[in-house]
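As a plain string of letters, each chain reads:
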Amino acid sequence: MLHINLKKLTLPLCLCVISVLFTPSIVLAEETGPIAATKAADQKAALAKKAAEREAKKAADAKKAAETQPPAAEQKATEAPTTPVEEPKGQ
């Protein structure tokens with residue numbers, strides 16, 4: 001008779017033990033959820049800030065390069081036209 005009662009109690013006892021073992025991890029996961037979301041938002045904001053800085057740097061470099069290069073019309077006017085000289089081929 002003890003053997004029958006033990007079999008009937010085994011399943012509920014296992015379920016209770018398993019639920020007790022997993023409860024701290026569930027509570028911990030619920031507590032760290034907002035913290036993880038905050039960290040993810042901060043990381044996303046930092047990446048957006050870096051991307052904006054890179055774009056600003058690219059724009060500044062392009063503007064600087066445009067200012068240092070003389071316009072194409074002036075550049076062509078200052079260059080002497082060069083024509084290739086063909087040498088007569090001897091037989």
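Structure's up top.
Below is a summary of the structure that appears in this document. Within any chain, residue numbers begin from 1 and follow the written order of that chain's sequence. It should be noted that, the model being predicted, local features are given only for residues of pLDDT at least 70 and side-chain atom pairs only at 80 or more, the latter also being counted only at that level, while totals for whole chains, interfaces and linings use all residues. For side-chain calculations, the full set of non-hydrogen atoms in the structure is used, while hydrogens and water are omitted.

1. With respect to the overall build of the protein chain
In this text, helices come from DSSP runs of H or I with a minimum length of four residues, and strands from runs of E with a minimum of two, each type numbered from the N-terminal end. On a plain count of helices and strands, the protein chain comes out with two helices and zero strands. Burial statistics for the protein chain: of 91 residues in total, 0% are counted as buried. Here, Shrake-Rupley sampling with a 1.4 Å probe gives the accessible areas, and only protein chains in the shown set may cover a residue. Counting every atom, the protein chain has about 9000 Å² of accessible surface; 66% of that belongs to carbon and sulfur. Throughout this description, buried means an accessible area under 20% of the type-specific maximum (1.4 Å probe, protein chains only), exposed means over 50%, and partly exposed covers the range between.

2. With respect to the environment of Thr68
Among the secondary structure elements, Thr68 is positioned in helix H1 (residues 2-68). Exposure remark for Thr68: the relative accessible area of 61% places this residue in the exposed category. Within 3.5 Å is the distance limit for a polar contact, defined as a pair of N or O atoms, with the added protein rule that one can donate a hydrogen and the other accept it, and that residues adjacent in sequence qualify only through two side-chain atoms. Of the polar contacts made by the side chain of Thr68, one reaches the backbone oxygen of Ala65; its length is 3.0 Å.

3. Section: a nonpolar patch on the surface
What goes into a patch is any residue over 30% in relative accessible area without a salt bridge, connected to like charges within 9 Å or, for nonpolar side chains (Val, Leu, Ile, Met, Phe, Trp, Tyr), within 5 Å. Salt bridges are counted wherever a side-chain nitrogen of Lys or Arg sits within 4 Å of a carboxyl oxygen of Asp or Glu. Together, Leu13, Val17 and Leu21 make up a nonpolar patch on the protein surface, roughly 310 Å² of accessible area in all. Within the secondary structure, Val17 sits in helix H1.

4. Observations concerning the state of the cysteines
To count as a disulfide, a pair of cysteine sulfur atoms needs to be within 2.5 Å. A complete count under the given rule lists zero disulfides for this structure. Lacking any disulfide linkage, Cys16 is separated from the closest cysteine sulfur, that of Cys14, by 9.4 Å.

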